[in-house]
Amino acid sequence: MIRLRRIVLFVLGITPFLYIGQAIVRLQSGEWEILGPEPGKAVVWFTGTWAFNFLLLTLAVTPLRRLLKQPWLIQHRLIQHRRMLGLFAFFYASLHLLSYFAFLLEWRFAELGAETIKRPYLLLGMTAWLLLLPLAVTSTRGWQRRLKQGWKRLHKLIYPLSVLVAVHYLLQIRSSWFEPVLYAALVLCLLLLRWQKATVAKHPDGHNS
C-alpha cells in the first residue's frame, strides 16, 4: 500500500513536467501559440509555480498530519511522502532556474549581475535555490543517520527559504495581486502553525493551563 501511494505521488508529481515538455515539443513543431506570445516566460512561470506548489505541500505535510490525524501520515510514512514532495520542489525549482538562464537570460551570464541589480527578486530566488540544494542532497536516510541531530537543524532551512520564495514572487507583481498574495499568505499560515507547534512542545504546561 505504501509503495502504491508513492507511485501515485510520483506520477502526480511528474505530470506537470510531462505537460510542459510536450508543449515545448509541439512549439518546436510549429504550434507557435501553444504557450502564448512569450513562450520563454510561460515556461519560466510554469516551472516556478510548480516549484512553489511542491514547497507548500512539503510544508503542509506535518500540519495536515496533526489536524487530520490520518493513519497513513504517521511519522515514518510522513517522512517518505515529505521527502518526495521536497525533491519535486527542488526538481521544479532547478527547471525554473535553468529555464530563466535559457529563455530569458539566453545564457548571457555576463549580464547576470546587471539583471540582478535591476530585478532584486532574482537574487532572492537564486538564494532560495542555494538553500534548497543541501536539503535535496541530504534528504536520504543515509544522510539523516550521518548528520544525526544536525540533519533536523539543517532542514529547518526550509522556513527561511520559503519566506524568500514568497517575497521573490511578491516582488514580481505587475498587475494581479491575487496569486502572489495568496501564496505568501499560505506560507505565513504554515509557518505560524509550525511555530505554534514548536512553542507548545517547549512549554506544554503553559499550553495546558
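Looking up the protein in an unreviewed UniProt entry gives the name Protein-methionine-sulfoxide reductase heme-binding subunit MsrQ, with the organism given as Thalassolituus pacificus. In its Sequence similarities (unreviewed entry) section, UniProt records this for the protein: "Belongs to the MsrQ family."

**Student:** Please provide a residue-by-residue account of the UniProt feature "transmembrane region" (unreviewed entry) in the protein, values included.
**Tutor:** Residues annotated by UniProt as "transmembrane region" (unreviewed entry) correspond here to residues 7-25, 45-64, 85-109, 121-142, 154-171 and 177-195. In residues 7-25, helix accounts for 100% and strand for 0%; the two terminal C-alpha atoms are 26 Å from one another. Secondary structure within residues 154-171 divides into 83% helix and 0% strand; the distance between the first and last C-alpha atoms comes to 27 Å.

**Student:** So, the packing of aromatic side chains: which residues are in play, and what are the values?
**Tutor:** Inspection of the entire model under this criterion finds 16 aromatic pairs. Put simply, the rings of F10, F17, W50, F54, F88, F91 and Y92 pair up and form one aromatic cluster. Above the plane of the ring of W143 lies R146, whose end atom (NZ or CZ) is 4.6 Å from the centre.

**Student:** How would you summarise the nonpolar core if you had to cite specific residues and measurements?
**Tutor:** Burial of nonpolar side chains together is a common tendency in soluble globular proteins. One finds F52, L55 and L161 to be the most contacted residues of the largest nonpolar core, which totals 33 residues. Going through the elements one at a time, α1 (2-28), α2 (39-68), α3 (75-104), α5 (121-137), α8 (158-170) and α9 (178-202) are the ones with two or more residues in this core. For L55, the contacting residues outside a window of four places in its chain are A89, I158, L161, S162 and V165. Y100, F101, L112 and Y121 belong to the second-largest nonpolar core, a separate cluster that totals eight residues.

Conventions and cut-offs
- Residues numbered from 1 in each chain as written.
- Predicted model: local features only at pLDDT ≥ 70, side-chain atom pairs only at ≥ 80, totals over all residues.
- Heavy atoms only, no water.
- UniProt positions renumbered as here; feature names shortened; annotations may be inferred.
- Helix = DSSP H or I, 4+ residues; strand = E, 2+ residues; numbered from the N terminus.
- Phe/Tyr/Trp six-rings, centres within 6.5 Å; stacked < 30°, edge-to-face > 60°.
- Lys NZ or Arg CZ within 6 Å of the ring centre and 35° of its normal.
- Core = buried A, V, L, I, M, F, W, Y, C linked by side-chain atoms within 4.5 Å.
- Buried < 20%, exposed > 50% of the residue type's maximum accessible area, 1.4 Å probe, protein only.
- Contact = heavy atoms within 4.5 Å.

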